Amino acid sequence: MRYFFRVEYDGTRFGGWQYQPNAISVQQLINEALTVILRAPCEATGAGRTDAGVHARGQGVHFDTASDIDTERVTASLNALLPHDIAVYGMQAVDPGFHARYSATERMYKYYFYDRKSPLNHKRAWMIYYPVDWDRVNHEIKCLLGPRDFTAFCSSGADSKSMVCDISFADVSMHGDGQRIFTIQANRFIYKMVRSLVGTLVDIGRGRLNDSMDSIINSKDRNRAGETAPACGLVLEWVGYPEGLL
């Protein structure tokens, strides 16, 4: 039997979602908890690999079992065993052909900024103390929409065969108390792409880069892009699936 659930986590102390030998990962702790509850080795597969320090609100995950389970009981047991910074919800049975990563049709990320010092948010936002022309940032964002090759925003170490991503929505909105949120939605993202986009947009907005986003994208040259934004401000907000699968 195959089951799906969503995971919310504060990624501050983790080496990312995916299991790795030299750091604690979210996947590792979920696998260990599932193995204890189900009394058999169990491996959870996530919709995406969030980097070290990146958070998630709606990460999608599936796992397999030899027989039916009580989803409410397993959810409660998982949340009891997992640490305070990881929670699971929405567990349900799915078709055996469903895959948390490959069945996904869209992913939404949000990146959080503050233009003032905010101690309560310093682990969940990028504190920007220098002037940024946010009107220019919003103007540059428009060229991100549609299918484009984002090679210029991919960090070394990526294993993607294609650098083309189809962005359906991108926007920076102002909220109260000095907070801004960059929201971006696409069919897929490549390694560190969102953080690279955010850092480049801010560098353009502060006048550190004179290039336009369009020219940087067309160059396919990582050296033309700006800095990579800090991981603490990024949240994997949601992973979408075709209607009827979930």
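Draft legend 1. Broad picture of the overall build of the protein chain. Helix and strand counts for the protein chain come out as 5 helices and 10 strands. Scaling as 2.2 N^0.38, a compact globule of 246 residues should have a C-alpha radius of gyration of about 18 Å, and the protein chain matches this with 19 Å. Along the first, second and third principal axes, the C-alpha atoms of the protein chain reach 60 × 40 × 35 Å. The buried share of the protein chain, reckoned over its 246 residues, is 51%. Counting contacts in the protein chain only where the partners sit at least 6 residues apart, residues at least 24 apart contribute 70% of the total. For the protein chain, the computed accessible surface area is about 11800 Å², with 49% contributed by carbon and sulfur atoms. Each charge class in the protein chain can be summarised by its mean position, and for the 27 positive and 28 negative side chains these summaries are 4 Å apart.

Draft legend 2. Region of interest: the environment of methionine 163. Tracing the chain through its elements places methionine 163 in the loop between strand S7 (146–149) and strand S8 (164–174). The sequence separation of methionine 163 and proline 147 amounts to 16 residues, and the corresponding C-alpha distance is 10.0 Å. In contact with methionine 163, not counting residues within four places along its chain, are Arg148, Asp149, Phe150, Thr151, Cys154, Arg188 and Ile190.

Draft legend 3. Layout of the nonpolar core. Counting residues in each nonpolar core, the largest one holds 74 residues, and the members touching the most others are Ile30, Phe150, Phe153 and Phe182. Considering every element that reaches this core, the biggest residue donor is helix H4 (residues 193–205), with 7 residues. For isoleucine 30, the contacting residues outside a window of four places in its chain are Phe5, Val7, Trp17, Ala44, Leu78, Leu82 and Ile86. With 6 residues, the next largest nonpolar core counts Tyr114, Met127, Ile181 and Val235 among its residues.

Parameters and conventions
Going along each chain's sequence as written, the residues are numbered from 1 onward. Reporting in this predicted model follows two pLDDT cut-offs: at least 70 for local features of residues, and 80 or more for side-chain atom pairs to be given and counted; totals over whole chains, interfaces and linings ignore these cut-offs and use all residues. Excluding hydrogens and water, the side-chain values take into account all heavy atoms of the structure. Numbering of helices and strands runs from the N terminus; a helix is a DSSP stretch of H or I covering at least four residues, while a strand is a stretch of E covering at least two. Within these notes, the globule rule equals 2.2 Å times the number of residues to the 0.38 power, and the radius of gyration is based on C-alpha atoms. Throughout, exposure labels follow a simple rule: accessible area from a 1.4 Å probe, protein chains only, divided by the maximum for the residue type, with under 20% read as buried, over 50% as exposed, and the rest as partly exposed. A contact between two residues is defined here by any heavy atoms of the two lying within 4.5 Å. Note that accessible areas follow from Shrake-Rupley with a 1.4 Å probe, and for residues the cover is restricted to the protein chains shown. In this charge count, Lys and Arg are treated as positive and Asp and Glu as negative; neither His nor the chain ends contribute. A charged residue contributes its charge at one atom only: NZ of Lys, CZ of Arg, CG of Asp or CD of Glu. Nonpolar cores are built from buried Ala, Val, Leu, Ile, Met, Phe, Trp, Tyr and Cys residues. Side-chain atoms within 4.5 Å join them into one set.

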